[in-house]
Amino acid sequence: MKEEIQAHANVLQLIGNTPLIKLNNITANMKGNYFAKVEAFNPGHSSKDRIALYIIEQAEEKGILKPGSTIIETTSGNTGFSIAMVSVLKGYKCILAVSSKSSKDKIDMLRTMGAKVYVCPAHVPADDPRSYYEVAKRLHEETEGSVYINQYFNQLNIDAHYKTTGPEIWNQTKGQITHLVACSGTGGTISGTARFLKEQNPNIKVIGIDAFGSVLKKYHETREFDKNEIYPYRIEGLGKNLIPAATDFDSIDEFIKVTDDESAHTARELAKTEGIFAGYTSGAAMQGLKQLEENGEFDKASTIVVIFPDHGSRYMSKIYSDEWMEQQGFMDTEVEQTASVQVV
Ligand code: PMP
């Protein structure tokens, strides 16, 4: 009898169950115990694989999706890539309306994965007919038998993380987690994970990472939408110019804001200190964690989990390009020039 071949049926089986990795060096002078949930280990290289698979399978179960159906979404790139990947394996067409702020790499990746991509202007209000929200809505209305994932307003986005990311972190930390630090874009990751963790232990503190130029922190504090908070920023996938229904603000204890500049440098530092090649928002989350440390948030008894949402390869033409960093005025020329003459 032949031995059974050890293989996965397809890449979808590799979604979730991402590793928790101890941070040893970047945290050297910090008080607590720090672990990163590295979502780049998903086959689509981001946490968005979880929601793409979950939402699509829920729609299949309800009979909404049928063979050959079209799936439509607005996305900064990662959700689109994950939906395109799941669509390839399940035989759906995929149409994506994306912001012009998304990197060229991300847009090319979506097309590589078979998606039809519409690039929409970034700096228009959400209700402008040119915004990616409005374009997706129109495409949904025009395409018969289509499904609009609508990640910012879909409660299944929260459920996906409640069912997967939350239990994984609880089990991996053996229930010892005291703090969760996570980015908030749609809010699905932080809300679903927080809900599950707080059901296990209501004392776990959940801190959301927001960007300067986004309304989330102010809304959390005042429950008011203040459009004066809105202005352009560089980090993709973090913060928002609207209030997403996929964010459960009550499950989050506090928001902290991070800058484009420091987040980019912290992402680069993660590669050089921990060998973790992560995306821009991972740098933002780590930067937020550093600020919390400086504010005296953690002590020796703290076990902190920070979620790193995606992989660094998506940002080669941005934060990992010295030219781009210089153009943004982010470069500390003295340090970086010294590094560039060290040839192996
Ligand atoms: N980081 C990146 C790179 C993202 O694409 C997103 C999703 N917009 C997030 C963080 C935030 O995750 P969530 O939407 O679940 O809040």
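Cut-offs applied
- Residues numbered from 1 in each chain as written.
- Predicted model: local features only at pLDDT ≥ 70, side-chain atom pairs only at ≥ 80, totals over all residues.
- Heavy atoms only, no water.
- UniProt positions renumbered as here; feature names shortened; annotations may be inferred.
- Domains from an automatic or database assignment.
- Contact = heavy atoms within 4.5 Å.
- Buried area = accessible area lost by both parts, 1.4 Å probe.
- Salt bridge = Lys/Arg side-chain N within 4 Å of Asp/Glu carboxyl O.
- Helix = DSSP H or I, 4+ residues; strand = E, 2+ residues; numbered from the N terminus.
- Nonpolar A, V, L, I, M, F, W, Y, C, P; charged D, E, K, R; others polar.

- In the annotation of an unreviewed UniProt entry, the entry for the chain reads Cystathionine beta-synthase, and the organism field reads Marixanthomonas spongiae.
- Under Cofactor (unreviewed entry), UniProt gives the following word-for-word description of the chain: "pyridoxal 5'-phosphate".

**Side note on the domain arrangement of the chain**
Link 1 in the chain: The domains assigned to the chain are domain 1 (11-46 + 161-328) and domain 2 (47-148).
Link 2 in the chain: The C-alpha-based centres of domain 1 and domain 2 are spaced at 23 Å.
Link 3 in the chain: Tallying the contact residues gives 36 residues for domain 1 and 26 residues for domain 2.
Link 4 in the chain: Summing the contributions of domain 1 and of domain 2, the shared interface buries around 2,400 Å²; its carbon and sulfur component is 51%.
Link 5 in the chain: Considering only the surface of domain 1 that becomes buried against domain 2, Leu12, Ile15 and Arg314 emerge as the three largest contributors, covering 27% of it.
Link 6 in the chain: Our enumeration of links across domain 1 and domain 2 arrives at three salt bridges.
Link 7 in the chain: A salt bridge links glutamate 168 to arginine 50, with the nearest nitrogen and oxygen atoms 2.9 Å apart.
Link 8 in the chain: Every element with two or more residues in the side of domain 1 that touches domain 2 is listed here: helix 5 (155-163) and helix 6 (165-172).
Link 9 in the chain: A per-class count over the side of domain 1 that touches domain 2 returns 11 nonpolar, 16 polar and nine charged.

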